[in-house]
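# Structural overview
Read off the chains here:
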Amino acid sequence: MNDYSPVTMKDLARELGVSVSTVSRALKNSPRISRKQCERIQKYAASRHFVPNRLAETLRTSKKQRSKVIGVIIPQFVHYYFSTILSGIEEEASAHGYSLLVAQSNEQYEREVKICRSFFESQVCGIIVSQAKDTIRYDHFQALIDSGLPLVFYDRICTGIEASRVVVDDYMGAYNAVTHLIQTGCRRIAFYGASMKLEISKNRYNGYRDALLKNHLQPDERFIRECDNRHDAEIITPDIMNIENGPDAFFAVNDDTAIGILYSVKRMGFRVPQDISICGFTNGERAIACDPMLTTVEQRGVRVGEEAANILIGKAEGLIPLDKVERRVVRTRLIVRGTTR
């Protein structure tokens, strides 16, 4: 058993050498069990951090008795995209009489595990989550599923877990963006992406690569970097621009990174989009607050949140079987503005 898997009454009974019914009665201070036996079982249950799993009973009983709180895990509150997803989740949840319990993993695996445990112990009716960048082990997610708790991934999905998920069409979003750059005359297109451990980064890179190959262009390894924030983009971009026969365009994994590229090339004296074209991915508020305004791929975060909440509520209310894996894809669209020709 991993260090997160919830301890059951069956586990306690086996470890103490008594029946499950004896454990159940002792935990309820039943007069049918001696005081000494009750204290022994209760003390041992506390040492094993046992939490009575009312969730399974809740999922089997009527709507009035069911938990109406959804746990939501956000990687970071500061990102515009995640805030729009949260808005979509809240709107759909509120329309069905549910409230939210929201926590931030801050991109940390250990914090994500603790939040999952806390949500489980709080008896939420299910969890909607986008995994942290640091997450490479998934036992905590599998334990939730094994316990019968509905789990829905959004944006960053866990491919090692059979769970419902809602994503945007990252591949086609990237493919269409890079195709636009090529059609407007760009030939040496750089790619700034997140860690390839993340499925979204793989999909966006594959869209970038395939758009190049489709147009008889080869990806240039000199122009491909792991960079997913403005700070790093401002550091990395001057080095790439100083490469002989450097890039004439950039496709970035998100808007913040694209804006870092924009400010860097402008400081170096390049004109945008005459000399350098730039495309981001998000279509947040910052995309129209820069000069020139940013061409970007719109992710439709509110819709992602609505779909994720719809699946979770469907499972919590028995409209969607717990063991059915729902896979929903929200289409992106390219928003052309001033940073491309």
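As a starting point, this report considers the structure included with it. (Residues numbered from 1 in each chain as written. Predicted model: local features only at pLDDT ≥ 70, side-chain atom pairs only at ≥ 80, totals over all residues. Heavy atoms only, no water.)

## Some remarks on the overall build of the protein chain
Within the protein chain, the regular secondary structure consists of twelve helices and twelve strands. Per-residue burial for the protein chain yields a buried fraction of 52% across its 341 residues. Partitioning the contacts of the protein chain with sequence separation of at least 6, the portion at a separation of at least 24 is 71%. Working note: accessible area of the protein chain is about 16,000 Å², and carbon and sulfur atoms make up 48% of it. With 47 positive and 41 negative side-chain charges, the protein chain shows a separation of 7 Å between the mean positions of the two kinds. (Helix = DSSP H or I, 4+ residues; strand = E, 2+ residues; numbered from the N terminus. Buried < 20%, exposed > 50% of the residue type's maximum accessible area, 1.4 Å probe, protein only. Contact = heavy atoms within 4.5 Å. Areas by Shrake-Rupley, 256 points an atom, 1.4 Å probe, with all protein chains shown as cover. Lys, Arg positive; Asp, Glu negative; His and termini not counted. Charge placed at Lys NZ, Arg CZ, Asp CG, Glu CD.)

## Remarks on the packing of aromatic side chains
Considering all chains together, one arrives at ten aromatic pairs under this definition. Judged by centre distance (4.9 Å) and plane angle (85°), the ring pair of Phe141 and Phe153 falls under edge-to-face. Taken together, the positions of Phe141 in helix H7 (residues 139-146) and Phe153 in strand S4 (residues 151-154) put the pair twelve residues apart, joining distant regions of the chain. Like Phe153, Phe141 is buried. Ring geometry for Phe191 versus Tyr205: centroids 5.5 Å apart, planes at 70°, classification edge-to-face. Remark: Tyr205 occurs in helix H9 (residues 199-214) and Phe191 occurs in strand S6 (residues 189-193); sequence separation between them is 14 residues. Put simply, the rings of Phe191, Tyr205, Tyr208, Phe251 and Phe281 touch in pairs and so form one group of aromatic residues. The ring centre of Tyr263 lies 4.4 Å from the NZ or CZ of Arg230, which sits over that ring. Stacked on the ring of Tyr263, the Lys or Arg Lys266 has its end atom at 6.0 Å from the ring centre. (Phe/Tyr/Trp six-rings, centres within 6.5 Å; stacked < 30°, edge-to-face > 60°. Lys NZ or Arg CZ within 6 Å of the ring centre and 35° of its normal.)

## With respect to the nonpolar core
Counting 24 residues, the largest nonpolar core has Ile70, Ile85, Tyr98, Ile128, Tyr154 and Val304 as its most contacted members. Listing elements by their share of this core, those giving two or more residues are strand S1 (69-74), helix H5 (80-95), S4, strand S5 (164-168) and helix H12 (301-316). For this core, the leading source of residues is H12, giving seven residues. In this view, Ile70 contacts Ala93, Tyr98, Ser99, Leu100, Leu101, Cys125, Gly126, Ile128, Leu312 and Ile313; residues no more than four positions away in its chain are not counted. Core analysis: the second largest hydrophobic core is formed by 21 residues, Ala233, Ile261, Val272 and Ala287 among them. (Core = buried A, V, L, I, M, F, W, Y, C linked by side-chain atoms within 4.5 Å.)

## What to know about unusual backbone geometry
For the peptide bond that leads from Val272 to Pro273, omega is 10°, which places it in the cis range. Along the chain, Pro273 turns up in the loop between helix H11 (255-267) and strand S9 (277-282). That bond from Asp291 to Pro292 is cis: its omega, -5°, falls within 30 degrees of zero. Relative to the assigned elements, Pro292 resides in the loop between S9 and strand S10 (295-298). Residues other than glycine seldom take positive phi values, yet Gln123 does so here, at roughly 65°. You can see Gln123 is positioned in the loop between helix H6 (109-121) and strand S3 (126-129). Judged by relative accessible area, Gln123 falls into the buried class, the value being 16%.

## Some remarks on the sheet that holds strand S2 (residues 99-104)
Strands sit in the order S2-S1-S3-S4-S5-S11 across an open sheet of six strands; the sheet is parallel. Whereas interior strands pair on both sides, the edge strands pair on one side only; in this sheet they are S2 and strand S11 (327-330). For this sheet, the mean inter-axis angle between neighbouring strands, taken without regard to orientation, is 15°. Along the sheet face, H6 touches S1, S2 and S3 and points at about 155° away from the line of S2. (Pairing = 2+ DSSP bridges. Axes fitted to C-alpha atoms, helices over the stretch in contact; angles between N-to-C directions.)

## Some words on the pattern of salt bridges
Under the definition given, this model contains 21 salt bridges. The salt bridge involving Asp210 is made with Arg209; its shortest N-O contact spans 3.0 Å. With a relative accessible area of 22%, Asp210 lands in the partly exposed category. Taking relative accessible area as the criterion, Arg209 reaches 28% and is therefore assigned partly exposed. Put simply, Arg271 and Asp275 hold a salt bridge, and the shortest N to O gap is 3.0 Å. (Salt bridge = Lys/Arg side-chain N within 4 Å of Asp/Glu carboxyl O.)

## Topic: the environment of Ala309
Along the chain, Ala309 falls in helix H12. A sequence separation of 141 residues divides Ala309 from Val168, and the C-alpha atoms of the two residues are 15 Å apart.

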